[in-house]
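# What the coordinates show
Below, each chain spelled out in residue letters.
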Amino acid sequence: MPARRKPPPAWWLLGYITQFQPQSLMQELEANGVDPQILFDAASRAANKLESGPYRRMSKAWAVHQH
């Protein structure tokens, strides 16, 4: 019998769901009484605080993913 799969870490799941299933994430947040706008505002503030090197890598990865 194969070994049970280890679930991915929570940070990976959040990134995956945010990128590929954003509506599902927003519905789940609302169902749990959390305003999704708070999450997006926090992400925006965190992105604004990133140094230019990590920000460039992040935006380049996003551009490559889009094309």
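### A look at the overall build of the protein chain
- On a plain count of helices and strands, the protein chain comes out with four helices and zero strands.
- In the protein chain, the succession of α and β elements from N to C terminus is α-α-α-α.
- With respect to the principal axes defined by its C-alpha atoms, the protein chain has extents near 50 × 35 × 25 Å.
- Just so you have it, the protein chain exposes about 6,300 Å², and 59% of that area is on carbon and sulfur atoms.
- Within the protein chain, the 5 negative side-chain charges are centred at a point lying 16 Å from the centre of the 8 positive side-chain charges.

### Focus on the packing of aromatic side chains
- The final tally for this structure, using the stated rule, is two aromatic pairs.
- Judged by centre distance (5.4 Å) and plane angle (10°), the ring pair of W12 and Y16 falls under stacked. Remark: Y16 and W12 occur in helix α1 (residues 10–20); sequence separation between them is four residues, near one turn of the helix.
- For W12, a relative accessible area of 40% corresponds to the partly exposed category.
- Exposure remark for Y16: the relative accessible area of 37% places this residue in the partly exposed category.
- Ring geometry for Y16 and F20: centres 5.0 Å apart, planes at 45°, overall tilted.

### Comments concerning a nonpolar patch on the surface
- Together, W11, W12, L13, Y16, I17 and F20 make up a nonpolar patch on the protein surface, roughly 630 Å² of accessible area in all.
- Mapped onto the fold, W11 is located in helix α1.
- With a relative accessible area of 64%, W11 lands in the exposed category.

### Some details on the packing of helix α2 (residues 22–31) against helix α3 (residues 36–49)
- Between α2 and α3, whose axes approach to 9 Å, the crossing angle comes to 120°. Considering the angle they form, α2 stands oblique to α3. Contact residues: α2 offers L25, M26, L29 and E30, while α3 offers P36, L39 and F40.
- Its residues assigned to classes, the contact of α2 with α3 comprises six nonpolar, no polar and one charged.

### Here's the deal with the environment of N48
- By secondary structure assignment, the location of N48 is in helix α3.
- Its relative accessible area of 63% is what places N48 among the exposed residues.
- In the structure, N48 is positioned 47 residues away from M1 in sequence and 48 Å away in space, judged by C-alpha atoms.

Calculation rules
Residues numbered from 1 in each chain as written. Predicted model: local features only at pLDDT ≥ 70, side-chain atom pairs only at ≥ 80, totals over all residues. Heavy atoms only, no water. Helix = DSSP H or I, 4+ residues; strand = E, 2+ residues; numbered from the N terminus. Areas by Shrake-Rupley, 256 points an atom, 1.4 Å probe, with all protein chains shown as cover. Lys, Arg positive; Asp, Glu negative; His and termini not counted. Charge placed at Lys NZ, Arg CZ, Asp CG, Glu CD. Phe/Tyr/Trp six-rings, centres within 6.5 Å; stacked < 30°, edge-to-face > 60°. Buried < 20%, exposed > 50% of the residue type's maximum accessible area, 1.4 Å probe, protein only. Patch = residues over 30% accessible without salt bridge, like charges linked within 9 Å, V, L, I, M, F, W, Y side chains within 5 Å. Salt bridge = Lys/Arg side-chain N within 4 Å of Asp/Glu carboxyl O. Axes fitted to C-alpha atoms, helices over the stretch in contact; angles between N-to-C directions. Parallel < 35°, antiparallel > 145°, perpendicular 65-115°, else oblique. Contact = heavy atoms within 4.5 Å. Nonpolar A, V, L, I, M, F, W, Y, C, P; charged D, E, K, R; others polar.

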